[in-house]
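Each chain, letter by letter, is given below.
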Amino acid sequence: MVVKKSNPQILIFTTNIISDPGVCSAGLMHLSYPAQTTIIRVPCSSMIRPEWIVLALESGFDGVFVAADGTDCPYLTDCTDRTAKRVREAQELLSNRGIEPERVKMAAICSVCGEAFTRLISDFYSRLIELGPIKVRIHEK
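Residues numbered from 1 in each chain as written. Predicted model: local features only at pLDDT ≥ 70, side-chain atom pairs only at ≥ 80, totals over all residues. Heavy atoms only, no water.

S.K.: An account of the state of the cysteines is needed here, citing residue identities and associated values.
M.R.: Under the criterion given, the structure shown has 1 disulfide. Between the sulfur of Cys110 and that of Cys113 lies a disulfide, 2.2 Å long from S to S. Its S-S torsion of approximately 95° makes the covalent link between Cys110 and Cys113 right-handed. Its relative accessible area of 18% is what places Cys113 among the buried residues. (Disulfide = S-S within 2.5 Å. Buried < 20%, exposed > 50% of the residue type's maximum accessible area, 1.4 Å probe, protein only.)

Laid out in structure tokens, this is it:
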């Protein structure tokens, strides 16, 4: 019998100018989303390193949500592509470690996307419940 963790912990990377205000707008509108979240703000989503995502999942988080700037990034015109590349690299590293790559989700969150954020994070939370705790495969020698 598999015991599923009832309250997955999610690390959320947001960006100072674009996605963090969108996440904050969810609170200002009194929208509900899972409380088991921790937010780290960064200047630009493309600066998130794949190793940070892996470390988060290996350190006890059940999922990592990257709230990207998308095309609104004030720093880079190719921010979305760079961020997506970092997420793919993290998913590959996770897969190589026996951790489900779908524990990482990326979505563009604009400064007024509170409703979209709550829907996305709630859906992600539900998926993490379905996945259950992280089960790392032990490689035989």
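S.K.: Hey, could you go over the sheet that holds strand E3 (residues 63–68) for me, with residue numbers and the actual values?
M.R.: Reading across from one edge, E2-E1-E3-E4 is the order of the 4 strands in this open sheet, with parallel pairing throughout. In this open sheet, the two edge strands, each paired with only one partner strand, are strand E2 (37–42) and strand E4 (104–108). Adjacent strand axes in the sheet meet at a mean angle of 20°, parallel and antiparallel pairs treated alike. Relative to E3, strand E1 (residues 10–15) is paired through 4 bridges, and the arrangement is parallel. (Pairing = 2+ DSSP bridges. Helix = DSSP H or I, 4+ residues; strand = E, 2+ residues; numbered from the N terminus. Axes fitted to C-alpha atoms, helices over the stretch in contact; angles between N-to-C directions.)

S.K.: Account for helix H3 (residues 79–96), naming residues and giving values.
M.R.: Taking 1.5 Å per residue, 18 residues should reach 26 Å; H3 reaches 26 Å between its end C-alpha atoms and fits that length. Buried within H3 we find Cys79, Thr83, Ala84, Arg86, Val87, Ala90 and Leu94. Around the axis of H3, the buried residues are gathered within 160° of arc, so they sit on the same side. In H3, those exposed residues whose orientation departs by more than 90 degrees from the buried face are Asp81, Arg88, Glu92 and Asn96. Of the surrounding elements, those touching the buried residues of H3 are helix H2 (50–58), E3 and E4. Gly98 lies just past H3 and shows a positive phi near 80°. (Expected span 1.5 Å × (residues − 1). Arc of directions from axis to C-beta. Contact = heavy atoms within 4.5 Å.)

Scope: geometric values only; no functional claims are made or implied.
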